[in-house]
Amino acid sequence: VMGTISVGVFVGSSMSVFLGGCLAPLSLMRRAMLPFLLIAGFNVVLACWAGGASNAAWWSVIAAAFPYTMAMGFFCPICQALYLGPFQDLAGTAAGIAALVQTLAMTLGSAIASQVWQRAPHPRTFFLVLAGGMLVVQLWFWALLGLRKRGGRRRGAKAAAAAG
C-alpha cells in the first residue's frame, strides 16, 4: 500500500522532467493547476460518496492519495526551479528557507487535519481535509504567482541585473 506513494512521486517527477524541456517553470505550473483542481474536486466527490462507507474502507484513501502524490511529484521539481532560479548565488540559503517554509506548512496542515479527524473520524473527513488543502494551494498560487505577467521581473531585479 505504501508503495503507491513512491510510484506516484516517480510518475509525477518523470512528467515534470519530460515537460520541463518544453515550457518555462511558471508556465508549466499554470497549466498543472487544472489537474490539481480536478484532484480536489475528485476528493469532494469521494467525500460525498463516502457518507455510507465504513471506516475500514481503506481502498478509497489510496484512490484519493495516489493522484495527490503524483501531482506533488510533478510540482516539487518545478517549485525548486522557481525558487532557486532568481537566487543562484544563494542557492543553499534559498533551498534552506524553502525547506523551512514547506516543513512549517506541512506541520500546520497536519495539525489542522489531526484536529478535524479527532472530531469526526470518518473517511469523509480525510477527503474533505485533502480537498480543502488543495483548494488553499490553488488560492495561494493564483494570488502570488499565477496572475503575474509572463516574463515580468520585478523592477529591483531588472535594475540589479543592469548594474551588475
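Since the structure is predicted, the reported quantities are computational estimates derived from the model, not experimental observations. (Residues numbered from 1 in each chain as written. Predicted model: local features only at pLDDT ≥ 70, side-chain atom pairs only at ≥ 80, totals over all residues. Heavy atoms only, no water.)

Draft legend 1. Highlighting the overall build of the chain. Check the secondary structure of the chain and you find six helices and zero strands. Along its sequence from the N terminus, the chain presents helices and strands in the succession α-α-α-α-α-α. Expressed as a percentage of the 164 residues in the chain, the buried residues total 24%. Put simply, of all contacts in the chain between residues at least 6 apart along the chain, 80% involve residues at least 24 apart. (Helix = DSSP H or I, 4+ residues; strand = E, 2+ residues; numbered from the N terminus. Buried < 20%, exposed > 50% of the residue type's maximum accessible area, 1.4 Å probe, protein only. Contact = heavy atoms within 4.5 Å.)

Draft legend 2. Representation of the packing of aromatic side chains. In total, this model carries one aromatic pair according to the counting rule given. Ring geometry for F141 versus W142: centroids 5.0 Å apart, planes at 80 degrees, classification edge-to-face. Accessibility expressed as a relative area gives 7% for F141, which makes it buried. By relative accessible area, W142 is classed as partly exposed at 29%. (Phe/Tyr/Trp six-rings, centres within 6.5 Å; stacked < 30°, edge-to-face > 60°.)

Draft legend 3. Examining the packing of helix α2 (residues 25-49) against helix α5 (residues 123-146) more closely. At their nearest, the axes of α2 and α5 sit 8 Å apart, and the two run at 155 degrees to each other. Taken together, α2 and α5 sit at an angle that is classed as roughly antiparallel. Here α2 runs over α5; the crossing is left-handed. (Axes fitted to C-alpha atoms, helices over the stretch in contact; angles between N-to-C directions. Parallel < 35°, antiparallel > 145°, perpendicular 65-115°, else oblique. Left-handed = near helix turned anticlockwise from the far one by under 90°.)

Draft legend 4. Layout of the nonpolar core. Of all hydrophobic cores here, the largest spans 19 residues; its most connected members are F36, F75 and M134. Per element, the largest residue contribution to this core is ten residues, and it comes from α2. Apart from the residues lying within four places of it in its own chain, the contact partners of M134 are F36, I39, A40, N43 and Y68. (Core = buried A, V, L, I, M, F, W, Y, C linked by side-chain atoms within 4.5 Å.)

Draft legend 5. Examining the confidence of the model for the chain more closely. Residue-level pLDDT values for the chain average 75, and 80% of them are 70 or greater. Ranking the elements of the chain by mean pLDDT puts helix α6 (residues 155-163) last, at 44, and helix α4 (residues 91-119) first, at 83. (pLDDT = per-residue confidence, 0-100.)

Draft legend 6. Representation of the side chain of N43 within the structure. Tracing the sequence through the fold places N43 in helix α2. Look at N43 and you get buried, because its relative accessible area is 0%. In this structure the side chain of N43 is engaged in a polar contact, spanning 2.9 Å, whose partner is the backbone oxygen of I39. Excluding residues within four positions of it along the chain, N43 makes contact with A64, F127, L130, A131 and M134. (Polar contact = N/O pair within 3.5 Å; in protein donor to acceptor, adjacent residues only side chain to side chain.)

Draft legend 7. Seen up close, a nonpolar patch on the surface. Where nonpolar side chains cluster on the molecular surface, the patch consists of L34, L37, L38 and L135 and spans about 370 Å² of accessible area. Per element, the largest residue contribution to the nonpolar patch is three residues, and it comes from α2. Topologically, L34 is positioned in helix α2. Take L34: its relative accessible area is 52%, and that puts it in the exposed class. (Patch = residues over 30% accessible without salt bridge, like charges linked within 9 Å, V, L, I, M, F, W, Y side chains within 5 Å. Areas by Shrake-Rupley, 256 points an atom, 1.4 Å probe, with all protein chains shown as cover. Salt bridge = Lys/Arg side-chain N within 4 Å of Asp/Glu carboxyl O.)

Draft legend 8. A look at the side chain of T125. Along the chain, the position of T125 falls in helix α5. Ignoring any residue separated from it by four or fewer positions in sequence, one finds T125 in contact with V116, W117 and A120.

Draft legend 9. Inspection of the packing of α4 against α5 at higher detail. In contact at an axis separation of 9 Å, α4 and α5 are set at 155 degrees when each is read in the N-to-C sense. Comparing the axis directions of α4 and α5 gives the class roughly antiparallel. For the element pair α4 and α5, the recorded crossing hand is right-handed. On α5, the residues that touch A113, V116 and W117 of α4 are P123, T125, F126 and V129. Its residues assigned to classes, the contact of α4 with α5 shows six nonpolar, one polar and no charged. (Nonpolar A, V, L, I, M, F, W, Y, C, P; charged D, E, K, R; others polar.)

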